[in-house]
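Examination of the molecular architecture
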Amino acid sequence: SSCSVSWNCAGTTLASASSNQVYLWRSPSSFDTTTSTINSFLNFEHRAAVDRVRFHPSDPNLFCSSVRDRTIQLWDLRVDKQKPFGKIDLKSNLGSCAHSCEWFGAHKWNNSNGDNKNNSESDPQSMYLVISERDDSVYIYDVRKIQQTNQRSHRGAYPRSSQVGSDSSSGQVPIHSFDASPCALRHTCFSPSGSHLISSVTNKQDATSSLVVYPWKNSDQTQKIEDMIKSPSIPSASYLAHIGKCFAVRFSPDGQRMATGGADALVGLWDVRSMVCTSTITRQSKFIRGVSFSYDSKLLACCTEEDLVDISNAVTGEHVGTVDLSRSGSGSKGAANRRGADEVSFHPKSYLLACARENDPRPNSAGGAQIPMVTIAKLTCK
């Protein structure tokens, strides 16, 4: 099963997803030249395997998990650890989980001091989630309207909405939806300005992938992306990106750059203002699983099935360094079977890079699910 990693906006906690658990790890304050081991301090058990985990971009206590029971679950570190405070049921019966789920404002970290006052109160849009489902549909939800699954109030847990009705499913009505067919949808995220959505879609006829940019505000409840692109009255556009599927789309924290990674083993570096691919990274030989920008938008990490994470200049694509994953956990049983990283994530304040690996073959002390292996590398820039 795939693994996932995500830092909270304060940089104090790392979440990792594997098997049916989401583990939380305290951020190490320092590293020496020897191998350091950190232990998880909290775990959130799910009824099915967890595919992705995403911390909220401005509230260090909120995160969502994409679960292989066709749900997106919403969690708050300040309240009940055994139950999510909200849940979104996927509308499609295709597959067991969503293609992607991303928060509004996920391209940047607004919380520089780690003592924020929950920016979701001042910016309601920060509580929006965009979900790409496997029937090529895109849905945007207002998390404030999601009905609590435990039917009790959690004071201060998240902004309450006066629009929540008595119906338990009332909060699961999306505020907008889009249809990407006949193209095959893969990933959707909000633009840096928040005014547009960016989806990676694959043309089923020639297997090329494009980035589709389309507005979502002040539009009809449901729209076909194809119709919006063809309509001259709507400022939408499509940009050829990769041969084969495009698996990864990420914006830099400053909102100036975008990185894409595809099945063609290429990483594209884009200027957001002009939507021009200015550089291409060609050093990988296997498909790109994930990309991540550093906190200062200067570095880009990309991961594949290979045991080397490539670090490059985020503007030029020039090679800066390499994280050798083959050296991580080499003394443990089954290490030879671990291949690359499923996802990488830079720390929001430093050059720490978290890499989600394959499941650790060693069972935990309780004999339950396998503990996910996470490699954290400290990068030193000369």
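Structural data are supplied above this passage.
Residues numbered from 1 in each chain as written. Predicted model: local features only at pLDDT ≥ 70, side-chain atom pairs only at ≥ 80, totals over all residues. Heavy atoms only, no water.

Within this structure, the stated rule accounts for zero disulfides. Here C189 stays free of any disulfide, with the sulfur of C246 as its closest cysteine sulfur at 9.6 Å. (Disulfide = S-S within 2.5 Å.)

A few words on the nonpolar core. Counting residues in hydrophobic clusters, the biggest one holds 17 residues, and the most contacted among them are C64, I72, L74, I88, L129, I131 and V143. Elements represented by at least two residues in this core include exactly β6 (62–67), β7 (71–76), β9 (100–103), β10 (128–132) and β11 (137–142). Filtering out sequence-adjacent residues up to four positions away, L129 remains in contact with C64, I72, L74, I88, E102, W103, Y139, I140, Y141, V143 and F190. (Core = buried A, V, L, I, M, F, W, Y, C linked by side-chain atoms within 4.5 Å. Buried < 20%, exposed > 50% of the residue type's maximum accessible area, 1.4 Å probe, protein only. Helix = DSSP H or I, 4+ residues; strand = E, 2+ residues; numbered from the N terminus. Contact = heavy atoms within 4.5 Å.)

Bringing unusual backbone geometry into the picture now. P182 follows S181 through a cis peptide bond whose omega is 10°. Tracing the chain through its elements places P182 in the loop between β12 (176–179) and β13 (184–190). Non-glycine residue A265 carries a positive phi angle of around 65°. The backbone of S297 sits at a positive phi, close to 65°, despite the residue not being glycine. Tracing the backbone through its elements, the reader meets S297 in the loop between β22 (290–293) and β23 (299–303). For S297, a relative accessible area of 7% translates into the label buried.

Another aspect to go through is the pattern of salt bridges. One pass over the structure, following the stated rule, counts 13 salt bridges. The partner of R250 in a salt bridge is E102, with the nearest N and O atoms 3.2 Å apart. Of this pair, R250 sits in strand β18 (residues 246–251) while E102 sits in strand β9; the two residues are 148 residues apart in sequence, bridging distant segments of the chain. By relative accessible area, which is 23% here, R250 ends up partly exposed. Through salt bridges with shared partners, a single network forms among R52, R54, E102, R250 and E343. (Salt bridge = Lys/Arg side-chain N within 4 Å of Asp/Glu carboxyl O.)

With that settled, consider the sheet that holds strand β19 (residues 257–262). Strand order in this open sheet of four strands is β18-β19-β20-β21, and the pairing throughout is antiparallel. In this open sheet, the two edge strands, each paired with only one partner strand, are β18 and β21 (276–281). Averaged over all neighbouring strand pairs, the angle between strand axes comes to 20°, with direction disregarded. Where strand β20 (residues 267–271) lies against β21, five bridges are found, and the strand directions are antiparallel. From the neighbouring strand, L269 faces β21, where its bridge partner is S279. (Pairing = 2+ DSSP bridges. Axes fitted to C-alpha atoms, helices over the stretch in contact; angles between N-to-C directions.)

Attention now moves to the side chain of E133. Considering the arrangement of structural elements, one finds E133 in the loop between β10 and β11. Buried charged residue E133 carries no salt bridge. Nearest counter-charge: K91, at 6.7 Å. Excluding residues within four positions of it along the chain, E133 makes contact with L90, K91, S92, H99, Y139 and L185. (Lys, Arg positive; Asp, Glu negative; His and termini not counted.)

In this section: the packing of aromatic side chains. If you walk through the whole model with that rule in mind, you get 13 aromatic pairs. Taken together, a centroid distance of 5.2 Å and an interplanar angle of 80° make the contact between F44 and F63 edge-to-face. With F44 in strand β4 (residues 40–45) and F63 in strand β6, this pair connects stretches of sequence that are 19 residues apart. For the pair F44 and F63, one class covers both residues: buried. (Phe/Tyr/Trp six-rings, centres within 6.5 Å; stacked < 30°, edge-to-face > 60°.)

Another aspect to go through is the pairing of strand β1 (residues 4–7). Side chains S4 and S6 project from β1 onto one buried face, and the interleaved V5 and W7 project onto a second face that is buried too. As defined by bridge partners, β1 adjoins strand β2 (residues 13–18) across four bridges and the pair is classed as antiparallel. Along β2, the bridge assignment pairs S6 with A15. What sits between the antiparallel neighbours β1 and β2 is a turn of five residues, in which G11 has the positive phi angle 80°.

Strands sit in the order β5-β6-β7-β8 across an open sheet of four strands; the sheet is antiparallel. The open sheet terminates on both sides in strands that have one partner only, identified here as β5 (50–55) and β8 (86–89). Each neighbouring strand pair of the sheet contributes to a mean axis angle of 20°, computed without reference to strand direction. Strand direction decides the pairing type here: β5 and β6, joined by five bridges, are antiparallel. Bridge pairing in β6 places V50 opposite V67.

Within the element layout of this structure, G95 appears in the loop between β8 and β9. Linking G95 and D69, residues 26 residues apart in sequence, is a C-alpha distance of 9.2 Å. Residues within four places of G95 in sequence aside, it is in contact with R70 and R134.

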